[in-house]
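This is what each chain is made of:
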Amino acid sequence: MIPTLTTERLILRPPVFADFTAYEALWASSRSRYMGGPYNSFAAWGLFCHDIACWELFGHGALMIDLRETGDCVGQVGINHGPLFPEKELGWLLYEGREGRGYALEAARALRDWAFAERGLPTLVSYCDPANAPSIAVAERLGAVRDEMAARQDPEDVVFRHSP
């Protein structure tokens, strides 16, 4: 069962098909450059399905980030795993114009805390492109520490380790 988590300002909820349009647009844009993109529709669909499939396969996956006040979807937070990720990765993405308000931090903190408390995960990592200063700042604000010894998805990644 995919949970719904709430924070002071956010509702983190299971993805639905209607979310794909905005998700696909993000992956097709230059905003995805720090995550290996841009991607075409087929690749974006594969990533979207991966985000959902992780729930069945691993007991964790992605949740969409909705604003409690308006219901607007502003992005996604997730715990990724499988052959694409050397370790369980806490990741986040925000749609254009939604940065700088603390949504990624608030959502990532809620999902991280859920993963430690409810799934008993001993650790998580976040893979950040070294040029993605906003994402690095979120990892640091979460209290994650750089792990130079961690396996990397991409050899250039900066890896941050989250502990309970």
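Thresholds applied
- Residues numbered from 1 in each chain as written.
- Predicted model: local features only at pLDDT ≥ 70, side-chain atom pairs only at ≥ 80, totals over all residues.
- Heavy atoms only, no water.
- Phe/Tyr/Trp six-rings, centres within 6.5 Å; stacked < 30°, edge-to-face > 60°.
- Helix = DSSP H or I, 4+ residues; strand = E, 2+ residues; numbered from the N terminus.
- Buried < 20%, exposed > 50% of the residue type's maximum accessible area, 1.4 Å probe, protein only.
- Pairing = 2+ DSSP bridges.

As a further point, take the packing of aromatic side chains. Geometrically, a pair of aromatic rings is defined through the distance of the ring centres and the angle of the planes. Tallied over the entire structure, the rule returns nine aromatic pairs. When the ring of Tyr23 is compared with that of Trp27, the centres are 5.9 Å apart and the planes differ by 55°; the resulting orientation is tilted. In this pair, Tyr23 and Trp27 both sit in helix α1 (residues 20-28), four residues apart, roughly one turn of the helix. Judged by relative accessible area, Tyr23 falls into the buried class, the value being 1%. Centroid distance Trp27 to Tyr39: 5.4 Å. Interplanar angle 65°. Geometry classified as edge-to-face. Taken together, the residues span a long stretch of sequence, with Trp27 in helix α1 and Tyr39 in the loop between α1 and α2 (41-58) at a distance of 12 residues. An aromatic cluster is defined as three or more aromatic residues linked by ring pairs; in this entry it consists of Phe17, Phe20, Tyr23, Trp27, Tyr39, Trp45 and Phe48.

Bringing the pairing of strand β8 (residues 158-162) into the picture now. Most of β8 sits inside the fold, with five of its five residues counted as buried. Alternating positions in β8 separate into two faces, Val158, Phe160 and His162 on one and Val159 and Arg161 on the other, with burial throughout. Two strands pair when backbone bridges link them, and strand β6 (residues 124-128) and β8 are joined in this way by five bridges, in the antiparallel orientation. Bridging across to β8, Leu124 finds its partner in His162. Relative to β8, strand β7 (residues 145-146) runs antiparallel, the two sharing two bridges. Residue pairing in the sheet places Val145 in a bridge with Arg161 of β8.

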